[in-house]
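Survey of secondary and tertiary structure
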Amino acid sequence: MTDGFATRAIHAGQQPDSATGSVIPPIHATSTYAQDGVGNQRAGYEYSRTGNPTRTALEECLAALESGEYGLAFSSGMAATDALLRSLVRPGDHLIIPDDAYGGTFRLIDKVLTEWGVEYTPAPVSDPDAIRAAVRPNTRVLWVETPTNPLLNIADLAGLAQLAAETSTRLVVDNTFASSYLQQPLTLGADVVVHSTTKYMGGHSDVVGGAVVTSDERIATDVAFLQNTAGAVPGPFDAWLTLRGVKTLAARMEQHSANAARIAEALREHPKVSRVLYPGLPDHPGHEIAAAQMRRFGGIVSFLHADGEEAAVDVCARTRLFTLAESLGGVESLIEHPGRMTHASVAGSQLQVPSELVRVSVGIEDVDDLLEDLLTALG
Ligand SMILES: *Cc1c(COP(=O)(O)O)cnc(C)c1O
């Protein structure tokens, strides 16, 4: 029998330490491992870039949470994205990315991969016909986020998995926004999942990390080769912190989602808000697909300020509990202006976001306090 999600989050990869009985996996702060004879390793470890037991515990847990076979941890979400992209595409290949992709992913592809002769086409993740029309003979990867950042568009993962199979491409899902708790893309037919564990998986805004999870042995072997060869690995303390955060993922995501739903409803009634973007709202264009493929609708809410850019910027500066900061997914609430902050690097491109957009990462504080804070800031 497969254990439930919350059980896996607490136990997968985390058996009590066989040497000491330590219930929590120790922080194995070592770069190297004593060998019992030349080439005779005691527990399969030789050097900590290649492998470290604390990292192994995290990797096994992350794989279990995505219902995948192989988990590979990285020093950041971008390091995971980089290793995965470089293992999937070669010069002359083409990939399709969201037309509102995470800014850092766009920058890596647009500024670095194109230098190496890789081509890309941005397409809306919620429009399968547009994605199909963008497929070329040299397309290798359909890269999607759902919900997208910061516009909260929804991709139909099962439908895109079908399209990937028909076109001999690989479906990659950046599952950072949903987290493994709300959505498991591999079970819907995706080939690979990538995470910034910095966000919900770690969940406490205290560690940067990334991960790749897949059940495809070939992809896992290629990514593991780059993980060891390029070496963008998390240290044992970072792996331990992430694993500690993951234990409460299920409970946190329930509360994030409940609080965000309340806030989305309240914003919708507010005269200074012209539009609320939240997949949990019944009139959101992706609502039905999100309801079918996600457990709940997550903790990110974006909205358009009715009075334009300066008013949107002002709201971000006026909150008391919502901290003005980039990033998302921690227990504390954050607010930001994507146009000038997280998405400044896509200004002037096809991925530019509306200037009156505000994004909130709803934390797990008391929702009444959060509501009061946000409504006061809106005036
Ligand atoms: C933050 C983020 C990343 C990048 O992860 P880092 O850990 O910051 O390197 C990638 N994708 C999404 C959707 C993100 O939110």
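Small disclaimer: the values here were computed from a predicted structure and weren't measured.

Quick look at the packing of aromatic side chains now. Any pair of aromatic rings gets described here by the distance separating the centres and the angle formed by the planes. Within the structure shown, the criterion is met by four aromatic pairs. A ring pair is formed by Phe 5 and Tyr 181, whose centres lie 5.2 Å apart and whose planes are at 65°; its orientation type is edge-to-face. A residue pair is termed long-range when its members are at least 10 positions apart, and Phe 5 in helix α1 (residues 5–11) and Tyr 181 in helix α7 (residues 179–182) qualify at 176 residues. Residue Phe 5 is classed as buried on the basis of its relative accessible area of 5%. The exposure class assigned to Tyr 181 is buried, which follows from its relative accessible area of 8%.

So, about the packing of helix α3 (residues 77–88) against helix α8 (residues 217–230). The N-to-C vectors of α3 and α8 enclose an angle of 125°; their axes lie 9 Å apart at closest approach. In terms of axis orientation, α3 runs oblique to α8. In this structure, α3 meets α8 at a crossing whose hand is right-handed. Contacts from Ala 83, Leu 84, Arg 86, Ser 87 and Leu 88 in α3 reach Ile 219, Asp 222, Val 223, Leu 226 and Ala 230 in α8.

Spatial strand order, β10-β11-β14-β13-β12: five strands in an open sheet with mixed pairing. In this open sheet, the two strands that pair with only one neighbour each are β10 (273–277) and β12 (323–324). Judged from the two bridges that link them, β12 and strand β13 (residues 334–336) form a sheet pairing that is parallel. Residue pairing in the sheet places Thr 323 in a bridge with Leu 334 of β13.

Glancing now at the environment of Gly 103. Tracing the backbone through its elements, the reader meets Gly 103 in helix α4 (residues 103–112). Looking at Gly 103, the relative accessible area reads 1%, which means it is buried. Sequence spacing of Gly 103 and Ala 344 is 241 residues, and the spatial spacing of their C-alpha atoms is 7.9 Å. Leaving out residues up to four positions away in the same chain, Gly 103 has contacts with His 343, Ser 345 and Val 346.

Closest axis-to-axis distance for the α3/α4 pair is 10 Å, and the angle between their directions is 40°. Relative to α4, the element α3 is oriented oblique. Our pair here, α3 against α4, has a crossing hand that is right-handed. In this structure, α3 contributes Met 78, Thr 81, Asp 82 and Leu 85 to the contact, and α4 contributes Gly 104, Thr 105, Leu 108 and Ile 109.

The rules we used
- Residues numbered from 1 in each chain as written.
- Predicted model: local features only at pLDDT ≥ 70, side-chain atom pairs only at ≥ 80, totals over all residues.
- Heavy atoms only, no water.
- Phe/Tyr/Trp six-rings, centres within 6.5 Å; stacked < 30°, edge-to-face > 60°.
- Helix = DSSP H or I, 4+ residues; strand = E, 2+ residues; numbered from the N terminus.
- Buried < 20%, exposed > 50% of the residue type's maximum accessible area, 1.4 Å probe, protein only.
- Axes fitted to C-alpha atoms, helices over the stretch in contact; angles between N-to-C directions.
- Parallel < 35°, antiparallel > 145°, perpendicular 65-115°, else oblique.
- Left-handed = near helix turned anticlockwise from the far one by under 90°.
- Contact = heavy atoms within 4.5 Å.
- Pairing = 2+ DSSP bridges.

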